[in-house]
Number of protein chains: 2
Amino acid sequence: MNDTTDPVSVALASYATSALAKDADAFVSLYTEDLHVFDMWNQWELRGIDAWRKMAQGWFGSLGDERVVVTFADVTSTVGADLALGHATVTYTAMSAEGKELRSLDNRMTIAMRRAGGSWKIFHEHTSGPLEHQTLKGMIKRGGA
Amino acid sequence: MNDTTDPVSVALASYATSALAKDADAFVSLYTEDLHVFDMWNQWELRGIDAWRKMAQGWFGSLGDERVVVTFADVTSTVGADLALGHATVTYTAMSAEGKELRSLDNRMTIAMRRAGGSWKIFHEHTSGPLEHQTLKGMIKRGGA
């Protein structure tokens, strides 16, 4: 491994590859055991790799014969001696088995990485979309389902 | 300054103090000039300290004689040699001039800090609340207002 390679860009590329392949093991291998996630959907937070694997298996398992093409825009990476921080706009595009684009959604993503052994892994991830003030009733409250 | 002090906890305490005082200059001084923010409200992202100062002045200026008490829960801090990452649940509680609690809202917050000169400053912040899938229509699309 080339130590000068940007760990954020490498992780995001692997995120996209493993999502396209619906490979939960490859996906989860990008993260630390003690991962903490503020995910866009349905719950306040996720803690630990087991919860994240369950999310990935549920996501990939729900796709049927669709595929998800993940692309990143405006990727910014700040790499320190032992921590790295990246943020980007991520676009999830659902494709039919025939390769037709079905729908697409942008998220805002922040990832924080640290060196674990010889490699960089994600230990915190935060994805979201901004809200209009009047949307508050659709927001999941802390401690909510 | 004690170098062993956790920069994340120091920054969050100063965030709360400056918000309570409605002191936009003190608030903005916690951040780098090239700050990037994924904020909870109304737009996809904010870039640069001038945009952030405008947000703070608008926020504090809109409060009239109310005050905002900011508290943090579940603060987690990871401090590296030159970067630091923190995440927490932040609660904004609006108080009347008479000290009565008017309303309260929880956000999820991630901050990334780096050493700038002798001190730590926030260069990236991400706040959000999780959504139900059916809330998508309330989400601001990228490039939206």
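Residues numbered from 1 in each chain as written. Chains lettered and ligands numbered in written order. Predicted model: local features only at pLDDT ≥ 70, side-chain atom pairs only at ≥ 80, totals over all residues.

Some points on the overall build of chain A
Part 1 of the argument: Counting its regular elements, chain A contains three helices and six strands.
Part 2 of the argument: Along chain A, helices (α) and strands (β) appear in the sequence α-α-β-β-α-β-β-β-β when read from the amino end.
Part 3 of the argument: Within chain A, buried positions represent 30% of all 145 residues.
Part 4 of the argument: Intrachain contacts of chain A at a sequence separation of at least 6 include 52% that bridge at least 24 residues. (Helix = DSSP H or I, 4+ residues; strand = E, 2+ residues; numbered from the N terminus. Buried ≥ 20, exposed ≤ 12 C-beta atoms within 10 Å, placed from the backbone. Contact = placed C-beta atoms within 7 Å.)

Structural notes on the pairing of strand 1 (residues 31-38) of chain A
Residue and element names in this part refer to chain A.
Part 1 of the argument: The pairing of strand 1 with strand 6 (residues 119-128) spans four bridges and is classified as parallel. Looking at the pairing, Tyr31 lines up with Ile122 of strand 6.
Part 2 of the argument: As defined by bridge partners, strand 1 adjoins strand 2 (residues 46-47) across two bridges and the pair is classed as antiparallel. Counted as the bridge partner of His36 is Arg47 from strand 2. (Pairing = 2+ DSSP bridges.)

A few points about the interface of chain A and chain B
Part 1 of the argument: Listed per partner, the contact involves 37 residues of chain A and 38 residues of chain B.
Part 2 of the argument: Looking at the side of chain A that touches chain B, the elements with two or more residues in it are strand 1, strand 3 (67-79), strand 4 (83-95), strand 5 (101-116) and strand 6 of chain A.
Part 3 of the argument: Its residues placed into classes, the side of chain A that touches chain B shows 12 nonpolar, 16 polar and nine charged. (Nonpolar A, V, L, I, M, F, W, Y, C, P; charged D, E, K, R; others polar.)

Here we look at the sheet that holds strand 5 of chain A
All names here are of chain A.
Part 1 of the argument: Strands sit in the order 2-1-6-5-4-3 across an open sheet of six strands; the sheet is mixed. The open sheet is flanked by strand 2 and strand 3, the only strands paired with a single partner.
Part 2 of the argument: Packing of helix 1 (residues 7-20) onto the sheet brings it into contact with strand 3, strand 4, strand 5 and strand 6, and relative to strand 3 it is tilted by some 170°.
Part 3 of the argument: Here helix 3 (residues 49-61) sits on the sheet and contacts strand 1 and strand 2; the angle it forms with strand 1, its principal contact strand, is near 70°. (Axes fitted to C-alpha atoms, helices over the stretch in contact; angles between N-to-C directions.)

So, the relation of the copies chain A and chain B
Part 1 of the argument: Once chain A is rotated about the relating axis by 180° and shifted along it by 0.0 Å, it coincides with chain B to within an RMSD of 0.0 Å. Viewed as a symmetry operation, the transformation between the two copies matches a two-fold axis.
Part 2 of the argument: Take the interface residues of chain A: 100% of them recur as interface residues in chain B, which is what a same-surface contact looks like. (Least-squares fit on C-alpha atoms with pLDDT ≥ 70 in both.)

Considerations on the pairing of strand 5 of chain A
All names here are of chain A.
Part 1 of the argument: Inspection of the sheet shows strand 4 paired to strand 5 by 13 bridges, in the antiparallel sense. Note that in strand 5 the partner of Leu85 across the bridge is Ala112.
Part 2 of the argument: Linking two consecutive strands that pair antiparallel, namely strand 4 and strand 5, is a turn of five residues; a positive phi of about 85° is found at Gly99 within it.
Part 3 of the argument: With nine bridges joining them, strand 5 and strand 6 adopt antiparallel strand pairing. For Met113, the partnering residue across the bridge sits in strand 6 and is Ile122.

Re helix 1 of chain A
Residue and element names in this part refer to chain A.
Part 1 of the argument: Taking 1.5 Å of rise per residue, 14 residues should cover 20 Å, and helix 1 covers 20 Å from first to last C-alpha, within 8% of that figure.
Part 2 of the argument: Within helix 1 the residues assigned to the buried category are Pro7, Val8, Ala11, Leu12, Tyr15, Ser18 and Ala19. Angularly, the buried residues of helix 1 cover 135° about the axis, an arc narrow enough to put them on a single face.
Part 3 of the argument: Contacts from the buried residues of helix 1 go to helix 2 (24-28), strand 3, strand 4, strand 5 and strand 6.
Part 4 of the argument: Lys22 sits one or two residues past helix 1 and shows a positive phi near 50°. (Expected span 1.5 Å × (residues − 1). Arc of directions from axis to C-beta.)

Some points on the sheet that holds strand 4 (residues 83-95) of chain B
Residues and elements named next belong to chain B.
Part 1 of the argument: Read across the open sheet, the six strands follow the order 2-1-6-5-4-3; overall the sheet is mixed. With one partner strand each, in any of the chains shown, strand 2 (46-47) and strand 3 (67-79) form the two edges of the open sheet.
Part 2 of the argument: Strand contacts of helix 1 (residues 7-20): strand 3, strand 4, strand 5 (101-116) and strand 6 (119-128), with the helix running at about 170° to strand 3, the strand carrying the most contacts.
Part 3 of the argument: Of the strands in this sheet, strand 1 (31-38) and strand 2 are in contact with helix 3 (residues 49-61), which crosses strand 1 at around 70°.

Topic: unusual backbone geometry
Residue and element names in this part refer to chain A.
Part 1 of the argument: The phi dihedral of Asp74 is positive, around 50°, even though this residue is not glycine.
Part 2 of the argument: Residue placement: Asp74 occurs in strand 3.
Part 3 of the argument: On the basis of neighbour counts, which here come to 14 C-beta atoms within 10 Å, the residue Asp74 falls in the partly exposed class.

A look at the environment of Leu105(A)
Part 1 of the argument: Within the secondary structure, Leu105(A) sits in strand 5.
Part 2 of the argument: Sequence separation between Leu105(A) and Thr93(A) is 12 residues, and the spatial gap between their C-alpha atoms is 6.6 Å.

Notes on the confidence of the model for chain A
Part 1 of the argument: Looking at chain A, the pLDDT average stands at 90 and 88% of residues meet or exceed 70.
Part 2 of the argument: What the predictor reports for the complex is a pTM of 0.90 with an ipTM of 0.88. (pLDDT = per-residue confidence, 0-100.)

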